[in-house]
Amino acid sequence: MMCYLSELMHSKYALYVGGSYLTAAVSFLWVFYRVKSSQHHIQLFLKKSLQQPYE
Amino acid sequence: MLNFLYAWGAPKTFYHYSKVLSKGFGIVSILALLFGWVWGLCYSPSDYQQGDSVRIMYIHVPAAFLSLSIYAFMASCALVTLVWRIKIAGLLLKSAALVGLVMTLLALVTGSLWGKPTWGAWWVWDARLTGELILLFIYAGLLALDNTLGENPASDKIVAIICWIGLLDLPIIHYSVQWWNTLHQGSSLLVMAKPKIHASMLYPLLCSLLGMLCFAGWAILSLTQVALLKREYRQQWVKTLEFK
């Protein structure tokens, strides 16, 4: 299978293609961060609520 | 069908099976995305008309497909919330809105990055593009409404009703290329028809689609689990959970 990456790097579309993949990667990483941080916060919240059984 | 919905929609049952399912989605999404993107970026040939800008399609098409599919999924959840009052459906709806917003934004940005070298413009007021922009505002509006209502008991119902009103935009986006003479091209990939694109481009596209679909599934299920724990934290089954 032929690799077209070097051709892409020198083509006039390189910036547009690179920008698209970068935007997608950043978007997915942001969603990943949102999910992981909300999971972390809910775990802290549950641990705290277990320590206060009468509230 | 109803018994199935009630059984699987029980908070404890949902939490446990969605944990397993989200892990599966996570693993498949990483593998399929890596495979699909590397294939699309390095090993798929350039198009004879679009040149290398066709590689943007490996992100744009799945993102646009998901922006519509996620909304259709949200509308189904809204129906379940309003008719059968299954609470999990309301949580799924709200969690899906964030992922749908990201996918719509991604579809618009990548579409714009494809449009500049191909059409010569970042943006045109084409029916499909405008419909997609309206969809972005609908997603943002639903998220804003949910944040405003907070833990209000009626919030699930209100968000579900507004979600159904926004459903009008979906057929407009999907059929705009057939109803009107638009600059945006028609669909190259339809479920019920033979694909119009060559296998060397079709397979990386399908791989990327699978990866993004599984990523969306993972994110929606994970966010729903968090929302469920927040809502049910006083229940006994939540207190017995162990976190690493």
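Residues numbered from 1 in each chain as written. Chains lettered and ligands numbered in written order. Predicted model: local features only at pLDDT ≥ 70, side-chain atom pairs only at ≥ 80, totals over all residues.

**Q** Just checking my understanding: could you explain the overall build of chain B for this structure?
**A** The helix and strand tally for chain B stands at 9 helices and 0 strands. Tracing chain B from N to C terminus, the helices and strands come up as α-α-α-α-α-α-α-α-α. For chain B, the C-alpha radius of gyration of 20 Å lies close to 18 Å, the compact-globule estimate for 244 residues. For chain B, the proportion of its 244 residues judged to be buried stands at 40%. Counted over contacts in chain B with a minimum sequence separation of 6, partners at least 24 positions apart contribute 79%. (Helix = DSSP H or I, 4+ residues; strand = E, 2+ residues; numbered from the N terminus. Rg over C-alpha atoms; globule rule 2.2 N^0.38 Å. Buried ≥ 20, exposed ≤ 12 C-beta atoms within 10 Å, placed from the backbone. Contact = placed C-beta atoms within 7 Å.)

**Q** Looking at this model, I keep getting lost on the overall build of chain A. Mind explaining?
**A** Looking only at helices and strands, one finds 2 helices and 0 strands in chain A. Its C-alpha atoms give chain A a radius of gyration of 22 Å, more than 25% over the compact-globule value 10 Å for 55 residues. Each principal axis of the C-alpha atoms in chain A carries an extent, and together these give about 65 × 25 × 10 Å. For chain A, buried positions account for 13% of its 55 residues.

**Q** I would appreciate a short explanation of the interface of chain A and chain B in the present structure.
**A** Buried accessible area, meaning the area lost when the parts come together, often serves as the stated size of an interface. Listed per partner, the contact involves 26 residues of chain A and 32 residues of chain B. Put simply, the parts of the chain that give the side of chain A that touches chain B at least two residues each are helix 1 (5–10) and helix 2 (14–51) of chain A. Here the element with the most residues in the side of chain A that touches chain B is helix 2 of chain A; it accounts for 18 residues. Tallied by class, residues from the side of chain A that touches chain B come to 16 nonpolar, 9 polar and 1 charged. (Nonpolar A, V, L, I, M, F, W, Y, C, P; charged D, E, K, R; others polar.)

**Q** Please clarify how unusual backbone geometry should be interpreted in this entry.
**A** Most of the time, phi is negative for any residue but glycine, and the peptide bond is trans. Residue and element names in this part refer to chain B. Phi angles above zero are rare outside glycine, and Arg85 is one such case at about 55°. Along the chain, Arg85 turns up in the loop between helix 3 (57–83) and helix 4 (87–119). Judged by C-beta crowding, with 12 C-beta atoms within 10 Å, Arg85 ranks as exposed.

**Q** Can you walk me through the packing of helix 3 of chain B against helix 8 (residues 199–231) of chain B in this structure?
**A** Each pair of packed helices can be described by the angle between their axes along with the distance between the axes. Residues and elements named next belong to chain B. For the pair helix 3 and helix 8, interaxial distance at closest approach is 9 Å and the crossing angle is 45°. When the axis of helix 3 is compared with that of helix 8, the two are oblique. Taken as a pair, helix 3 and helix 8 cross one another with a handedness that is right-handed. Seen from helix 3, the contacting residues are Met57, Tyr58, Ile59, Val61, Pro62, Ala63, Phe65, Leu66 and Ile70; seen from helix 8, they are Pro204, Leu205, Ser208, Leu209, Met212, Leu213 and Ala216. (Axes fitted to C-alpha atoms, helices over the stretch in contact; angles between N-to-C directions. Parallel < 35°, antiparallel > 145°, perpendicular 65-115°, else oblique. Left-handed = near helix turned anticlockwise from the far one by under 90°.)

**Q** I'm lost on the environment of Pro153(B) in this one. Help?
**A** All names here are of chain B. Turning to its location among the elements, Pro153 is positioned in the loop between helix 5 (127–149) and helix 6 (155–166). Among the residues examined, Pro153 registers 7 C-beta atoms within 10 Å and is labelled exposed. Pro153 sits 16 residues away from Phe137 along the chain, and the two C-alpha atoms are 25 Å apart.

**Q** Just to check I follow, could you spell out the nonpolar core for this structure?
**A** Nonpolar side chains in soluble globular proteins tend to be buried together. With 69 residues, the main nonpolar core has Met74(B), Leu93(B), Val99(B), Met103(B), Ala216(B) and Ala219(B) as its most contacted residues. Secondary-structure elements contributing two or more residues to this core are helix 2 of chain A together with helix 2 (11–43), helix 3, helix 4, helix 5, helix 6 and helix 8 of chain B. Among the elements that make up this core, the one with the highest residue count is helix 4 of chain B (17 residues). Excluding anything up to four places from it in sequence, Met103(B) contacts Ala63(B), Leu66(B), Ser67(B), Ile70(B) and Ala216(B). (Core = buried A, V, L, I, M, F, W, Y, C linked by C-beta atoms within 7 Å.)

**Q** What's the story with the packing of helix 5 of chain B against helix 6 of chain B in this structure? I'm lost.
**A** All names here are of chain B. Remark: helix 5 packs on helix 6, axes separated minimally by 10 Å, with the N-to-C direction vectors making an angle of 165°. One way to sum up the angle between helix 5 and helix 6 is to call them roughly antiparallel. The handedness of the crossing between helix 5 and helix 6 comes out as right-handed. Side by side, helix 5 and helix 6 meet where Ile138, Leu142, Leu145, Asp146 and Leu149 of the first sit next to Ser155, Ile158, Val159, Ile162, Cys163 and Gly166 of the second. Partitioned by chemical class, the residues of the contact of helix 5 with helix 6 number 8 nonpolar, 2 polar and 1 charged.

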